[in-house]
Amino acid sequence: MHKPSPTIAEDIAAVLSLKPGGPHAFAGAARWGVAPAAAPAGRAGGEADRLTRVYVEVTTRCNLACRTCVRNGWDEPLGEMPLALFRSLIAQLHAGAQERAGAQPPTLVFAGYGEPTVHPELLEMLRLSKDLGARVEMVTNGTRVDAAMARGLIDLGVDRVWFSVDAVTPERYAAIRRGGQLAEVSDHIRGLYHERLRERRILPEIGLAFVAMRSNIDELPGLYRLAMAVHASDVLVTNLLPHTPDMLDEILYRRSIGMGRYSQSHEVPRVHLPRIDFDETTGPALLALLGRADNLDLAGADPAGQSDYCPFVQGGATAIRWDGRVSPCTPLLHAHPVFVASRWKHVKDSSFGSIAEQSLADIWASDPYAAFRRKVQAFDFAPCVFCGGCELDESNEEDCKGNTFPVCGGCLWAQGIVRCP
Ligand code: SF4
Ligand code: SF4
Ligand code: SF4
């Protein structure tokens, strides 16, 4: 049975027992990976050139209508991946693994902009993925992970199930995750955990994902209690990316969005903080400092986090849309409106081919896709997130450094502000 070490548990509990939103929250979160951490080594090459993680969007349909959902800003038709197309993907990955003398296939992550459990063939797709020998993860709203599905996930050996839970009080949950009920989802998470215990299995690990907003940030300690109760392996907190005007007041990074600009620069003094208690005595002073100093580190960790670092490209990931189109990341799977750094932007979707026409390996190795990955590794885009804005920044088609579509200088994933499981 997976059990967090007492040291980790005590540390996080100590952090979360303090006031939400204070500087102590940053310290604990950074340490355990739910907030900015030091940039990983190896900017070019390495993982970025090896396909290690494939996000598969099996459907864009969903049984909920969350306030936060990107689909609120869409006008494209919804759809789901045919089982035959998914089988073809598995065959391609199998052939690729054989060519590389039985190399481990990439991790398959059932996620995207839709709810995978509404796909009628989901369990068969999961079975095919496990038969391939791949690590398998799924991101779900949890509403349909009932006892039967929980047993299916356990029997198949699915490695991790991420539950998106943006509140742990029923009214808040219902207001954000419209159409869902906290009691039901909470029962499903606990049910999966208890069924796993009964079956004496350690998988699936349980992850909890939380979209932090002004109206729900005080729910984090309660979420942590739920994580402890079900022995969750991870709690991932992301910021909100507004897609509709009614969400603008909910963002929590109006100030921190600019921090990466001065990280490691000589324009402002670098403040080096030690590991230090966060409590009633230190809290106000540290909060004031964090609010003013743009260039600091805390016991060596940089609160500006992973600036100019694409977690998809640098992590060797790709994303496949329900119709087979291959994008470099989930944000580029679909065209959508987004609010970044005080202005609206229309993000165009980007694809380097379709698995309905070409193998994933060929698409991955194609010159345009390889060149794009090199460009993202170097991250030589215009700094649109930190700039005052211009007409070029109204889309991701070009920037003032002469880069052409798709440009990534306005991407909040690359600044550690928005995060995905
Ligand atoms: S569960 Fe996900 S896909 Fe469904 S409405 Fe909510 S955010 Fe959108
Ligand atoms: S394209 Fe250049 S001028 Fe325009 S917002 Fe980006 S960095 Fe600023
Ligand atoms: S848009 Fe963002 S997430 Fe996608 S490839 Fe560019 S930097 Fe990465």
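The structure reproduced in this document is the subject of the present report. Residue positions within a chain follow its written sequence, with the count starting from 1. Just so you know, chain letters begin at A and ligand numbers begin at 1, following the order they were written in. Residues qualify for local features only when their pLDDT is at least 70, as the model is predicted, and side-chain atom pairs are given and counted only at 80 or more; totals for whole chains, interfaces and linings, by contrast, use all residues.

**Some words on the overall build of the protein chain**
Part 1 of the argument: Working definition: helices are DSSP H or I runs of at least four residues, strands are E runs of at least two. Numbering for both runs from the N terminus. Counting secondary structure elements, the protein chain contains 13 helices and 12 strands.
Part 2 of the argument: Going through the 421 residues of the protein chain one by one, you find that 41% of them count as buried. Around each residue's C-beta, the other C-beta atoms within 10 Å are counted; 20 or more make the residue buried, 12 or fewer make it exposed, and counts in between make it partly exposed. All C-beta atoms are placed from the backbone.

**So, the packing of helix α3 (residues 83–99) against helix α4 (residues 122–132)**
Part 1 of the argument: Where α3 meets α4, the closest approach of the two axes is 10 Å, and the angle between their N-to-C directions is 5°. On the basis of their axis angle, the class for α3 and α4 is roughly parallel. Mapping the contact onto sequence places L83, F86, R87, I90, L93 and H94 in α3 and E124, M125, L128, S129 and L132 in α4. Where helices are involved, their axes are fitted lines through C-alpha atoms of the stretch in contact, as for all axes, and angles between N-to-C directions lie from 0 to 180°. Roughly parallel refers to an angle under 35 degrees, roughly antiparallel to one over 145, roughly perpendicular to one between 65 and 115, and oblique to any angle outside these ranges. Contact definition: two residues whose C-beta atoms, as placed from backbone geometry, lie within 7 Å.

**Focus on the site of ligand 2**
Part 1 of the argument: In this analysis a residue is considered near a molecule or strand if the C-beta atom, reconstructed from its backbone, is found within 6 Å of that molecule or strand. Taken together, A382, P383, C384, C387, G389, C390, L392, D393, D399, C400 and G409 make up all the residues around ligand 2.
Part 2 of the argument: Just so you know the grouping, Ala, Val, Leu, Ile, Met, Phe, Trp, Tyr, Cys and Pro go in nonpolar, Asp, Glu, Lys and Arg go in charged, and all remaining residues, Gly too, go in polar. For the shell around ligand 2, the class distribution of residues is 7 nonpolar, 2 polar and 2 charged.

**A look at the site of ligand 1**
Part 1 of the argument: Taken together, C62, L64, A65, C66, T68, C69, R71, Y113, G114, E115 and N141 form the complete shell of residues around ligand 1.
Part 2 of the argument: Here the shell around ligand 1 is composed, by residue class, of 6 nonpolar, 3 polar and 2 charged.

**Brief notes about the pairing of strand β4 (residues 160–164)**
Part 1 of the argument: Most of β4 sits out of view: 5 of its 5 residues are buried.
Part 2 of the argument: Side chains of β4 alternate between two faces, with R160, W162 and S164 and V161 and F163 buried alike.
Part 3 of the argument: Examined bridge by bridge, strand β3 (residues 136–140) and β4 share 4 bridges and lie parallel to one another. Bridge pairing links V139 to W162 in β4.
Part 4 of the argument: Crossovers are described as right-handed under a simple rule: with the strands pointing away from the observer, the path leading from the first strand over the helix to the second runs clockwise. Handedness of the crossover joining β3 and β4 through helix α5 (residues 147–156): right-handed.
Part 5 of the argument: By definition, two strands form a pair when at least two bridges between them are found by DSSP. As judged from the 5 bridges shared by β4 and strand β5 (residues 205–212), these two strands associate in the parallel manner. The residue bridging V161 from the neighbouring strand is I206, located in β5.

**Section: the nonpolar core**
Part 1 of the argument: For the purposes of this analysis, a nonpolar core is taken to be any set of buried Ala, Val, Leu, Ile, Met, Phe, Trp, Tyr and Cys residues that are connected through C-beta atoms within 7 Å. Judged by nonpolar contacts, the single largest core of 85 residues is most densely connected at F163, L208, F210 and L223.
Part 2 of the argument: Residue contributions to this core peak at 6 residues, all from β5.
Part 3 of the argument: When near neighbours in sequence (up to four residues on either side) are disregarded, F163 contacts T140, G142, V185, I189, I206, L208 and A209.

**Concerning the sheet that holds strand β6 (residues 234–239)**
Part 1 of the argument: Ordered in space as β6-β5-β4-β3-β2-β1-β9-β10, the 8 strands form an open sheet in which the pairing is mixed. Every interior strand has two partners, whereas the edge strands, β6 and β10 (326–327), have only one.
Part 2 of the argument: As judged from the 4 bridges shared by strand β1 (residues 53–56) and strand β2 (residues 107–110), these two strands associate in the parallel manner. Looking at the pairing, V56 lines up with F110 of β2.

**As for helix α7 (residues 182–198)**
Part 1 of the argument: Its 17 residues give α7 an end-to-end C-alpha distance of 24 Å, which sits within 8% of 24 Å, the value for a rise of 1.5 Å per residue.
Part 2 of the argument: Those residues of α7 lying buried are V185, H188, I189, L192 and R196. Looking straight down α7, one finds that the buried residues subtend no more than 95° of arc, so they occupy a single side. Seen from the buried face of α7, the exposed residues on the opposite side, beyond 90 degrees, are A183, L197 and R198.
Part 3 of the argument: Taken together, the buried residues of α7 touch α5, β4 and β5.
Part 4 of the argument: Note on α7: the residue one or two positions beyond its end, R200, has a positive phi of about 55°. A helix is expected to reach a length of 1.5 Å times the quantity of its residues less one. Arc, as used here, means the arc of the directions from the helix axis to the C-beta atoms.

**A few points about helix α13 (residues 367–378)**
Structural remark: α-helix, 3.6 residues per turn; residues separated by three or four positions point the same way.
Part 1 of the argument: An ideal rise of 1.5 Å per residue puts 16 Å on 12 residues; α13 measures up with 17 Å between its terminal C-alpha atoms.
Part 2 of the argument: Just past α13, the residue F379 takes up positive phi, approximately 45°.

**Observations concerning the environment of P221**
Part 1 of the argument: As for its position among the elements, P221 is in helix α8 (residues 220–229).
Part 2 of the argument: Separated by 53 residues in sequence, P221 and V168 have C-alpha atoms that sit 9.3 Å apart.

**Regarding the packing of α5 against α7**
A pair of packed helices is characterised by two quantities: the angle between their axes and the separation of those axes.
Part 1 of the argument: Here α5 crosses α7 at 50°, and the two axes come no closer than 9 Å. Taken together, the axes of α5 and α7 lie oblique to each other. In this structure, α5 crosses over α7, and the sense of that crossing is right-handed. Contacts between α5 and α7 involve A147, A150, R151 and I154 from the former and G191, L192, E195 and R196 from the latter.
Part 2 of the argument: In the contact of α5 with α7, the residues fall into 4 nonpolar, 1 polar and 3 charged. Note on convention: near helix rotated counterclockwise from far helix by under a right angle means a left-handed crossing. Clockwise means right-handed.

Limitation: the analysis is restricted to geometry and does not speak to function.
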